[in-house]
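# Report on the structure
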Amino acid sequence: MSRHLFVAGTDTGIGKTHAAQTLVHAFRRAGERVAGMKPVASGSARSPEGMRNQDALDLQAASWPPPPYERVNPVALEEAVAPHLAASRAGRAIEWPPLDAAFQSLAREYDRVVVEGVGGWMVPLAEGMSTEDVPSRWDLPVVLVVGVRLGCISHARLTARAVQADGCRLVGWIANAIEPTMPLLEENIQTLRDYLPAACLGVLPYGVAPVDAAVLLDLGPLG
């Protein structure tokens, strides 16, 4: 099994980057050289150095040693819309070669690469190219991030089923407490434990920074 990982989410806005950063810090605590990567990102801002996406910058900052931005995020799109739409409106094609090159470079230089997807599991990237193709192409085990809120149980079960149906290996999931007053939080998490076909790697409390939350993750199932 690859030591590198793909971080998927049950939806957009559920804390994939937060969980990916936490994983990076947890592996660093274990003595590994770790890089975070977000191959495609929409919702980027112009800067003197070029387009910069905040999620990708956060992953770059968590990495050690920090890789060049262009390897962390080879495709940064300005509009905060689905990537295939952002790319089309920018007159840009999302293609495999620059993504492959960036990942292969990181995989050669780091013990572990934590690759974050965009949106949910099946977000289109271009014609004939979708987010779920990334872990398939790079042979990456999948960690699912579940934003614990009303509706998350069905979303998580559907996503887990899709991951497996697409021939990918779901190696674990992370519960991310994204609502400070979520009713029946523990009961919802226990239900997820009962129904999801992989180990729970940990629960990330609301408002705890990734570097501090890293101690809460169990990396055992990830090898």
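Residues numbered from 1 in each chain as written. Predicted model: local features only at pLDDT ≥ 70, side-chain atom pairs only at ≥ 80, totals over all residues. Heavy atoms only, no water.

### Here we look at the packing of helix α7 (residues 152-165) against helix α8 (residues 185-195)
Here α7 crosses α8 at 20°, and the two axes come no closer than 10 Å. If you check the angle between α7 and α8, you find them roughly parallel. In the packing of α7 onto α8, the handedness of the crossing is right-handed. Residues Cys152, Ile153, Ala156 and Arg157 of α7 pack against Asn188, Thr191, Leu192 and Tyr195 of α8. (Axes fitted to C-alpha atoms, helices over the stretch in contact; angles between N-to-C directions. Helix = DSSP H or I, 4+ residues; strand = E, 2+ residues; numbered from the N terminus. Parallel < 35°, antiparallel > 145°, perpendicular 65-115°, else oblique. Left-handed = near helix turned anticlockwise from the far one by under 90°. Contact = heavy atoms within 4.5 Å.)

### What to know about the pairing of strand β5 (residues 112-116)
The buried fraction of β5 is high, at five of five residues. Inspection of the sheet shows strand β1 (residues 5-9) paired to β5 by three bridges, in the parallel sense. Looking across to β5, one finds that Val7 is bridged to Glu116. Pairing geometry for strand β2 (residues 34-37) and β5, over four bridges, is parallel. For Ala35, the partnering residue across the bridge sits in β5 and is Val113. (Buried < 20%, exposed > 50% of the residue type's maximum accessible area, 1.4 Å probe, protein only. Pairing = 2+ DSSP bridges.)

### Section: the state of the cysteines
Under the defined criterion, the tally for this structure stands at zero disulfides. Here Cys152 stays unpaired: no disulfide links it, and the sulfur of Cys200, its closest cysteine neighbor, is 12 Å away. (Disulfide = S-S within 2.5 Å.)

### Comments concerning helix α2 (residues 54-62)
Listed as buried for α2 are Ala56, Leu59, Gln60 and Ala62. Projected down its long axis, α2 carries its buried residues within an arc of 165°, all on one side. Its buried side turned inward, α2 meets α1 (16-29), β2, α3 (69-72) and β5. The N-cap residue of α2 is Asn53: its side-chain oxygen and the backbone nitrogen of Asp55 are 3.0 Å apart. (Arc of directions from axis to C-beta. Polar contact = N/O pair within 3.5 Å; in protein donor to acceptor, adjacent residues only side chain to side chain.)

### Looking at the nonpolar core
Membership of the largest hydrophobic core comes to 44 residues, with the highest contact counts inside it found for Ile94, Val115, Trp138 and Trp173. With near-sequence residues (within four places) excluded, Ile94 lies in contact with Val40, Val75, Leu77, Pro83, Ala87, Leu99, Leu125, Ala126 and Met129. Val24, Leu201, Leu219 and Leu222 belong to the second-largest nonpolar core, a separate cluster that totals 28 residues. (Core = buried A, V, L, I, M, F, W, Y, C linked by side-chain atoms within 4.5 Å.)

### Considering empty space enclosed by the protein
Applying the stated criterion across every chain, the model contains one cavity of 30 Å³ or more. Lining of the largest cavity is provided by Phe6, Pro39, Val40, Glu116, Gly117, Val118, Leu125, Thr131 and Val134. Tallied by class, the residues present in the lining of the largest cavity amount to six nonpolar, two polar and one charged. (1 Å grid on protein atoms, 1.4 Å probe; cavity = no way out; pocket = protein on both sides within 12 Å on 5 of 7 lines; lining within 4 Å. Points joined across faces, edges and corners; volume = space filled by probe spheres on them. Nonpolar A, V, L, I, M, F, W, Y, C, P; charged D, E, K, R; others polar.)

### Considerations on the environment of Arg92
Position of Arg92 among the secondary structure elements: in the loop between α4 (83-89) and α5 (96-109). What makes Arg92 partly exposed here is its relative accessible area of 37%. Distance in space between the C-alpha atoms of Arg92 and Val146 is 31 Å, their sequence separation being 54 residues. Leave out the neighbours within four places in its chain, and Arg92 touches Pro74, Val75, Ala76, Leu77 and Ala87. Of note is the side chain of Arg92, whose polar atom sits 3.4 Å from the backbone oxygen of Ala76.

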